[in-house]
Amino acid sequence: MAMNPHPAGQIDLNVPLEVGVERRGLQHKYRPTALFFPAQGQTCHAYCTYCFRWAQFVGLDDLKFAAREAETLVDYLARHREVSDVLFTGGDPLVMRASVLRRYVEPLLRADLPHLAHIRFGTKALAYWPARLLTDPDAAARGSA
Ligand code: SF4
């Protein structure tokens, strides 16, 4: 805890608190952008010495930002029309198999969210594990997701 696991007040300032419920798998700091932390994406291809997300992948669940339900995200976005971008982050969301990724992305595509313009992925897979997008068995599906 002395290593400041979530710097810049991420828990107190960025995690939405609605009707008394903390949305621990979401962060909403910048008005147009909501960050989503899919539970299965909370590890990384790299372990950079400067990483400020280290608390996501040291095996301490209480420290993690993580969500399993895409519905939580869809619900939140339906009530926050100012959000134009969803950023999947981690860890690295592209550690997830395409079939798991699809469970999170497709509900967003199906939902009535006309204000949602971009679905983004914070990933270093291109540099650290290009096979994920080129030659892995589900590479084509992941690329199209
Ligand atoms: S790639 Fe990003 S999330 Fe992964 S260890 Fe490095 S800084 Fe952290």
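Everything discussed here concerns the structure shown above.
The paragraphs below set out a description of the structure included in this document. Bear in mind that the values here come from a model prediction, so they are computed numbers and not experimental data.

## Some words on the environment of Leu13
Part 1 of the reasoning: Mapping Leu13 onto the fold places it in helix α1 (residues 10–14).
Part 2 of the reasoning: Put simply, Leu13 and His28 are 15 residues apart on the chain and 8.5 Å apart in space, counted from C-alpha to C-alpha.

## Describing helix α3 (residues 98–110)
Part 1 of the reasoning: For α3, built from 13 residues, the straight-helix expectation of 18 Å at 1.5 Å per residue is met to within 8% by its first-to-last C-alpha distance of 17 Å.
Part 2 of the reasoning: The sharpest bend along α3 comes to roughly 30°, located at Tyr104, with the proline Pro107 sitting one to four residues further on.
Part 3 of the reasoning: Of all the positions in α3, only Ala98, Val100, Leu101, Tyr104, Val105, Pro107 and Leu108 are classed as buried.

## What about the sheet that holds strand β5 (residues 85–88)?
Part 1 of the reasoning: Spatial strand order, β3-β4-β5-β6: 4 strands in an open sheet with mixed pairing. A strand with exactly one partner marks an edge of an open sheet, and here the two such strands are β3 (26–27) and β6 (118–121).
Part 2 of the reasoning: Both strand β4 (residues 33–36) and β5 contribute to a ladder of 4 bridges, which runs parallel. Paired with Thr33 across the two strands is Asp85, which belongs to β5.
Part 3 of the reasoning: Seen against the sheet, helix α2 (residues 70–79) touches β3, β4 and β5 and runs at an angle of roughly 155° to β5.
Part 4 of the reasoning: Taken strand by strand, α3 contacts β4, β5 and β6, and its axis lies near 165° from that of β6.

## Here we look at the nonpolar core
Soluble, globular proteins show a tendency: their nonpolar side chains are buried together.
Part 1 of the reasoning: If you look at the biggest cluster of nonpolar residues, it comprises 22 residues, and the most contacted ones within it are Phe36, Leu73, Leu77, Val86, Phe88, Tyr104 and Leu108.
Part 2 of the reasoning: Contributions of two or more residues to this core are made by β4, α2, β5 and α3.
Part 3 of the reasoning: Excluding its chain neighbours within four sequence positions, the residues that come into contact with Tyr104 are Phe36, Pro38, Ala39, Gln40, Ala67, Arg68, Ala70, Phe88 and Met96.
Part 4 of the reasoning: In this structure, Leu35, Phe37, Phe65 and Leu87 belong to the second largest nonpolar core, which totals 5 residues.

## Considering the side chain of Arg53
Part 1 of the reasoning: Within the fold, Arg53 resides in the loop between β4 and α2.
Part 2 of the reasoning: Buried charge without a salt bridge: Arg53, with Asp92 as the nearest opposite-charge side chain at an N-O distance of 11 Å.
Part 3 of the reasoning: Among the polar contacts made by the side chain of Arg53, one reaches the side chain of Gln10 at a distance of 2.5 Å.
Part 4 of the reasoning: Apart from the residues lying within four places of it in its own chain, the contact partners of Arg53 are Gln10, Gln27, Leu35, Phe37, Phe65, Gly90 and Gly91.

## Section: the pairing of β4
Part 1 of the reasoning: Across the two faces of β4 the burial is the same, with Thr33 and Leu35 and Ala34 and Phe36 all buried.
Part 2 of the reasoning: The pairing of β3 with β4 spans 2 bridges and is antiparallel. Note that in β4 the partner of Leu26 across the bridge is Phe36.
Part 3 of the reasoning: Counting the residues that bridge the hairpin from β3 to β4 gives 5 residues.

## Observations concerning the site of the ligand
Part 1 of the reasoning: Near the ligand you find Cys44, Ala46, Tyr47, Cys48, Tyr50, Cys51, Phe57, Gly91 and Lys124, and these make up its full shell.
Part 2 of the reasoning: Mapping the ligand onto the cavity grids shows that it belongs to the largest pocket.
Part 3 of the reasoning: Of the residues belonging to the shell around the ligand, the class tally is 7 nonpolar, 1 polar and 1 charged.

## Quick look at the layout of surface pockets
Part 1 of the reasoning: Taken as a whole, the largest pocket spans an internal volume of roughly 380 Å³.
Part 2 of the reasoning: Along the walls of the largest pocket sit 18 residues, with Cys51, Arg53, Thr89, Gly91 and Lys124 positioned nearest its centre.
Part 3 of the reasoning: Residues of the lining of the largest pocket, tallied by class, amount to 10 nonpolar, 5 polar and 3 charged.

Scoring rules and cut-offs
Residues numbered from 1 in each chain as written. Predicted model: local features only at pLDDT ≥ 70, side-chain atom pairs only at ≥ 80, totals over all residues. Heavy atoms only, no water. Helix = DSSP H or I, 4+ residues; strand = E, 2+ residues; numbered from the N terminus. Expected span 1.5 Å × (residues − 1). Bend = angle between axes of the 7 residues up to and from the residue. Buried < 20%, exposed > 50% of the residue type's maximum accessible area, 1.4 Å probe, protein only. Pairing = 2+ DSSP bridges. Contact = heavy atoms within 4.5 Å. Axes fitted to C-alpha atoms, helices over the stretch in contact; angles between N-to-C directions. Core = buried A, V, L, I, M, F, W, Y, C linked by side-chain atoms within 4.5 Å. Lys, Arg positive; Asp, Glu negative; His and termini not counted. Salt bridge = Lys/Arg side-chain N within 4 Å of Asp/Glu carboxyl O. Polar contact = N/O pair within 3.5 Å; in protein donor to acceptor, adjacent residues only side chain to side chain. Near = heavy atom within 4 Å. 1 Å grid on protein atoms, 1.4 Å probe; cavity = no way out; pocket = protein on both sides within 12 Å on 5 of 7 lines; lining within 4 Å. Sits in = over half its atoms within 2 Å of the grid points. Nonpolar A, V, L, I, M, F, W, Y, C, P; charged D, E, K, R; others polar. Points joined across faces, edges and corners; volume = space filled by probe spheres on them.

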